[in-house]
Amino acid sequence: MARTLLPFLFGLLVTLPASAQDWQLVWADEFDGTEVDAAKWTYQIGDGCPDLCGWGNGEEQYYTDANTIVDGGTLRIEARREDEGGRSYTSSRLRTLGKAAFKYGRIELRAKMPRGSGYWPAVWMLPEADVYGGWAASGEIDILEVFGNDPGTVHGTLHYGGESPRNTFKGGSYTLPVRDFSRSFHDFAIEWVPGEMRWYVDGNLYHTARDWYTTEARFPAPFDQEFHLLVNVAVGGAGGDPSNTTFPQSMEIDYIRVYQSENAEPTVSLDSPADGASASPGSDLTLAATATDADGLISRLQFYAGDALLGEDTEAPYELAVEAVAEGCYNLRARGIDNLGGEAWSSTSALTVGTCSQGPYLMTAQPVPGVIQAEHYDLG
Ligand SMILES: [Ca+2]
Ligand SMILES: [Ca+2]
Ligand SMILES: [Ca+2]
């Protein structure tokens with residue numbers, strides 16, 4: 001009797017199992033005072049010249065410390081049409097470099113955006129130190145960007161790869177069903193764990209990243225180092241032509257909160273199949289992974305093909321038998337979960353079965369006898 005995981009898989013495909021990590025608040029700015037907290041933030045002044053004129057993006061604003069207002073419980077960065085430093089617009093850009101930097105955790109904020117061609121508000125992160133080289137070899141995390149000519153859509157993006165011009169990026173976006181991000185406050189968040197980054201708007205997961213790289217080190221580099229926060233409203237550049245847009249307008253932030261756990265995340269690698277391996281359609285294979293936890297125990301090791309959970313193993317050695325694998329292309333990876341809910345992901349192994357002419361398809365898998373509790377899987 002063939003045993004299949006498919007009913008089990010369909011039950012889990014709706015949502016990935018949520019992490020039970022016990023996030024603790026480690027940093028926040030509620031913007032409750034009457035001025036920018038100098039213990040947390042530093043202004044970046046000017047137009048980026050002479051080193052990076054237009055901040056590398058053809059931006060048209062001159063940044064000052066006069067365009068930021070903390071009042072009524074929020075921070076507002078107001079972009080204005082006015083002459084300063086040879087530019088026709090002013091705005092502000094602040095960062096926490098040298099004052100606060102984070103590696104892994106959950107970062108959330110509540111904010112609303114300006115609207116109209118030319119506005120380009122962003123909340124983002126750059127490395128505290130360029131451990132893997134200059135931009136973007138050491139990475140960039142864009143928590144949110146909104147382009148003012150499309151004010152109902154938010155973008156979450158990672159930049160990585162080699163130093164410019166060998167940099168690359170990948171991201172996702174979310175469009176509000178009605179209205180846009182200027183009408184009211186919305187909640188934005190990222191969850192960053194070893195090997196995976198997730199973007200949320202109003203609690204909706206809209207993008208997951210896991211296939212980044214740097215030319216200088218192994219996965220999950222470069223996103224395994226400390227990053228600091230930046231907030232700014234650029235004018236022009238990718239934001240579009242501002243010349244017919246109403247000024248001034250603001251990005252208004254109610255709070256930014258950073259959560260982390262004292263629990264160390266596991267270390268996980270997918271050992272078999274190797275990245276780039278191939279197999280014949282209908283053949284059987286065994287997935288194998290290793291996982292360790294520096295301050296606790298591994299409680300579960302899960303195997304994924306894309307976003308689909310294939311199965312899990314609760315005891316080392318961590319293995320999953322797959323029988324009669326179907327033709328297709330698979331992106332396999334392993335997720336380790338420790339005794340406190342901390343999670344980490346392996347890098348991805350691409351597996352080609354046959355000619356790889358059909359798109360990714362769910363593998364069916366069965367547990368190695370005696371390794372995984374059969375009652376969880378023997379559904380056929
Ligand atoms: Ca507030
Ligand atoms: Ca741990
Ligand atoms: Ca096992």
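The written sequence of each chain sets the order in which its residues are numbered from 1. Labels are handed out in written order, letters beginning with A for the chains and numbers beginning with 1 for the ligands. Residue-level local features of this predicted model are given only where pLDDT is at least 70; pairs of side-chain atoms are given and counted only at 80 or more, and the full residue set underlies all totals for whole chains, interfaces and linings. Only hydrogens and water are set aside when side-chain values are computed; all heavy atoms of the structure are taken into account.

*Asks:* Would you mind showing me how to read the layout of surface pockets here?
*Replies:* One way to see where empty space is left: roll a probe the size of a water molecule over the atoms. A 1.4 Å probe that fits but cannot get out identifies a cavity on a 1 Å grid over protein atoms alone, an open set with protein on both sides within 12 Å along at least five of seven lines counts as a pocket, and a residue lines either if it has an atom within 4 Å of a point. Grid points are joined across faces, edges and corners, and a volume is the space filled by probe spheres set on the points. Approximately 770 Å³ is the volume attributed to the largest pocket. In terms of lining residues, the largest pocket is bounded by 32 residues, among which N57, W124, L126, W135 and E140 are the most central. To qualify as a helix, a DSSP run of H or I must reach at least 4 residues; to qualify as a strand, a run of E must reach at least 2; elements of each kind are numbered from the N terminus. Contributing elements (two or more residues each) for the lining of the largest pocket: β7 (93–95), β10 (119–127), β11 (140–145), β12 (153–161) and β17 (227–235). Of all the elements, β10 adds the most residues to the lining of the largest pocket, at five residues. Empty space within the second largest pocket amounts to approximately 510 Å³. Taken together, 25 residues line the second largest pocket, and the ones lying closest to its centre are F219, P220, T267, V268 and W345. Counting residues per element, the ones that place at least two in the lining of the second largest pocket are β19 (267–272) and β26 (343–345). Residues belonging to the lining of the second largest pocket are distributed by class as follows: 13 nonpolar, seven polar and five charged. Structurally, the lining of the second largest pocket is a two-domain feature, drawing no fewer than three residues from each of domain 1 (24–260) and domain 2 (264–376). In this classification, the charged set is Asp, Glu, Lys and Arg, the nonpolar set is Ala, Val, Leu, Ile, Met, Phe, Trp, Tyr, Cys and Pro, and all remaining amino acids, among them Gly, are polar. An automatic or database domain assignment supplies the residue ranges for each domain.

*Asks:* What exactly am I supposed to notice about the nonpolar core here?
*Replies:* What tends to happen in soluble globular proteins is that the nonpolar side chains get buried as a cluster. Counting 50 residues, the largest nonpolar core has I141, M197, L229 and I256 as its most contacted members. Looking at this core element by element, the count peaks at five residues for β17. In what follows, residue pairs with any heavy atoms lying within 4.5 Å of each other are defined as contacts. Setting aside anything within four residues of it in sequence, one finds I141 in contact with W124, M125, T157, L158, I190, W192, M197, F223 and F227. In terms of nonpolar packing, the next biggest core, distinct from the first, is built from 22 residues, V268, I298, F303 and Y318 among them. The definition of a nonpolar core used throughout is a set of buried Ala, Val, Leu, Ile, Met, Phe, Trp, Tyr and Cys residues joined through side-chain atoms within 4.5 Å. Each residue is placed in one exposure class: buried if its accessible area under a 1.4 Å probe, protein chains only, is under 20% of its type's maximum, exposed if it is over 50%, and partly exposed if it falls in between.

*Asks:* Just to check I follow, could you spell out the coordination of the calcium ion (ligand 2) for this structure?
*Replies:* Reference values for coordination geometry: four tetrahedral donors around a metal ideally subtend 109.5 degrees, six octahedral donors ideally subtend 90 or 180 degrees. Those protein atoms acting as donors to the calcium ion (ligand 2) are N263 (OD1), A264 (O), D293 (OD), D293 (OD), D295 (OD) and D338 (OD), and they sit at 2.2 to 2.5 Å. Counted as coordinating are nitrogen, oxygen and sulfur atoms within 2.8 Å of the metal, or 3.2 Å for Na, K and Ca, while water is not included, which may make sites look incomplete. Angular criteria define each label, namely tetrahedral for four donors with all angles between 85 and 135 degrees, square planar for four and octahedral for six donors with opposite donors over 155 degrees apart and remaining angles between 65 and 115, and irregular for whatever fails these tests. If you look at the calcium ion (ligand 2), its six donor atoms make angles of 52 to 176 degrees with each other, and the shape they trace is irregular. In primary-sequence terms, the residues that donate to the calcium ion (ligand 2) follow N-A-x28-D-x1-D-x42-D. Here D295, found in the loop between β21 (285–292) and β22 (298–305), pairs with D338, found in strand β25 (residues 328–338); they are 43 residues apart in sequence, far enough to count as distant. Given a relative accessible area of 2%, D338 falls into the buried group.

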